[in-house]
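As a plain string of letters, each chain reads:
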Amino acid sequence: MKNLKYLVVNGCSFSRHPHEPDHIRNTFSSEEDYYDYLFSNKYSTLLANKLNVEDINISGGGSSNDRIFRTTYDWIQENKEKVKDTLFIIQLTNCLRKDLWSNFKQEYIISSEIWQDLEYIAKDCDTTLDKVNKWREFEVMNLINEDELEKNIIRQCDLFNSYVNGNVIFFNGWRRNELVHTDLNFLKFKSDTYEGYSWVHYIYSNRSKYLQNDPKYKWIGHPEVLQHNEISELLYNHITETNINVFNT
């Protein structure tokens, strides 16, 4: 581990920071205090502290897998001197999200899911909602196959793994439990009630534990502070127990 200096984490809002329910959020005296609490308890920061490295979290809300890989490659191009000392963690998200370019704004825009955010796409592309609806209806009916999209995600994982010489851990933050690549370094979630590669299944299988910790617990689609702590522990144990070669000389 002596050569590791940086931890680069990229994902969607799942990895950006924890998301606490209102009855926890309302206990803070200000929004600033609340978000300080969240960002100091995100799993990348907790793991970086355990590894004694710099935490570089470039995750973004609503990010698609294409955006996650694109922005990670962008970071690499801007920080080539750091790559050899970096462990990457790529949190994979829903395959139905898209990375869209707007000629009107001359920048990439967010489409959280293929059936969502249509009004924002219309605004960001300076067009009408009707035109966006027609485009999206045609796309969904004729151009979308979820199995093929997920195969492409695995191809991207394979290519990225080669690009960074295996210095990467992937984990499945979307719905499909079986969608892993046995030759790649995927995080396995382990508890008394579940062992597998799906964060969603892991959360549901441990619901009773979260209710014991917080009787008002209601999963809101994002991991809370307690679960970010769990993810950091799972990742740290994965690094140490599997003796993965992420610290090349």
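Below, the structure is looked at part by part. As the structure is a computational prediction, the values presented were derived from the model and not from experiment.

**Here we look at the nonpolar core**
Then, number 1: Among the nonpolar cores identified, the biggest contains 28 residues, and Leu-7, Ile-89, Phe-171, Phe-189 and Leu-235 are the most heavily contacted of them.
Then, number 2: Breaking this core down by element, the ones donating at least two residues are strand S1 (6–10), helix H4 (43–51), strand S3 (86–92), strand S6 (168–172), helix H9 (199–205) and helix H11 (225–242).
Then, number 3: Ignoring any residue separated from it by four or fewer positions in sequence, one finds Ile-89 in contact with Leu-7, Val-8, Val-9, Asn-10, Tyr-43, Leu-47, Ile-169, Phe-171 and Leu-235.
Then, number 4: One finds Ile-68, Leu-92, Val-168 and Trp-174 within the second-largest nonpolar core, a separate group that totals 25 residues.

**Examining the packing of H4 against H11**
Then, number 1: Their axes nearest at 8 Å, the elements H4 and H11 cross at an angle of 40 degrees. As judged from the angle between their axes, H4 and H11 are oblique. As for how H4 packs across H11, the hand of that crossing is right-handed. Here H4 contributes Tyr-43, Leu-46, Leu-47, Lys-50 and Leu-51 to the contact with H11, which in turn contributes His-228, Asn-229, Ile-231, Ser-232, Glu-233, Leu-235, Tyr-236 and Ile-239.

**With respect to the environment of Leu-211**
Then, number 1: Position of Leu-211 relative to the elements: it lies in helix H10 (residues 207–213).
Then, number 2: Leu-211 sits in the partly exposed class, given a relative accessible area of 30%.
Then, number 3: The sequence separation of Leu-211 and Phe-39 amounts to 172 residues, and the corresponding C-alpha distance is 23 Å.

**Quick notes on the pattern of salt bridges**
Then, number 1: Per the counting criterion, the structure on display carries 16 salt bridges.
Then, number 2: With its nearest N and O atoms 4.0 Å apart, the salt bridge here joins Lys-5 to Asp-85. Here the residue Lys-5 occupies a position in the segment before S1, and Asp-85 occupies one in the loop between helix H5 (65–78) and S3, the gap between them amounting to 80 residues.
Then, number 3: Residue Asp-130 is joined to Lys-134 by a salt bridge in which the shortest nitrogen-to-oxygen separation is 3.4 Å. Taken together, the residues span about one helical turn, with Asp-130 and Lys-134 both in helix H7 (residues 129–142) at a distance of 4 residues.

**Comments concerning unusual backbone geometry**
Then, number 1: Unlike most non-glycine residues, Gln-106 shows phi in positive territory, near 60 degrees.
Then, number 2: Here Gln-106 lies in the loop between strand S4 (98–102) and strand S5 (107–111).
Then, number 3: Residue Asp-117 is not a glycine yet carries a positive backbone phi of 65 degrees.
Then, number 4: Position of Asp-117 relative to the elements: it lies in the loop between S5 and helix H6 (118–124).

**Some remarks on the packing of aromatic side chains**
Then, number 1: If you walk through the whole model with that rule in mind, you get 18 aromatic pairs.
Then, number 2: Arranged with centres 5.8 Å apart and planes meeting at 55 degrees, the rings of Phe-14 and Phe-171 form a pair that is tilted. Taken as a pair, Phe-14 in helix H1 (residues 13–16) and Phe-171 in strand S6 lie far apart in primary sequence, 157 residues in all. Note on accessibility: Phe-14 and Phe-171 belong to one class, buried.
Then, number 3: Ring-pair connections join several aromatic residues into one group, and the members of that group are Phe-14, Tyr-43, Phe-171, Phe-189, Tyr-194, Trp-199 and Tyr-202.
Then, number 4: The residue whose ring lies beneath Arg-70 is Tyr-108, and the NZ or CZ to ring-centre distance is 3.5 Å.

Cut-offs and rules
Residues numbered from 1 in each chain as written. Predicted model: local features only at pLDDT ≥ 70, side-chain atom pairs only at ≥ 80, totals over all residues. Heavy atoms only, no water. Core = buried A, V, L, I, M, F, W, Y, C linked by side-chain atoms within 4.5 Å. Buried < 20%, exposed > 50% of the residue type's maximum accessible area, 1.4 Å probe, protein only. Helix = DSSP H or I, 4+ residues; strand = E, 2+ residues; numbered from the N terminus. Contact = heavy atoms within 4.5 Å. Axes fitted to C-alpha atoms, helices over the stretch in contact; angles between N-to-C directions. Parallel < 35°, antiparallel > 145°, perpendicular 65-115°, else oblique. Left-handed = near helix turned anticlockwise from the far one by under 90°. Salt bridge = Lys/Arg side-chain N within 4 Å of Asp/Glu carboxyl O. Phe/Tyr/Trp six-rings, centres within 6.5 Å; stacked < 30°, edge-to-face > 60°. Lys NZ or Arg CZ within 6 Å of the ring centre and 35° of its normal.

Structural measurements only, silent on function.
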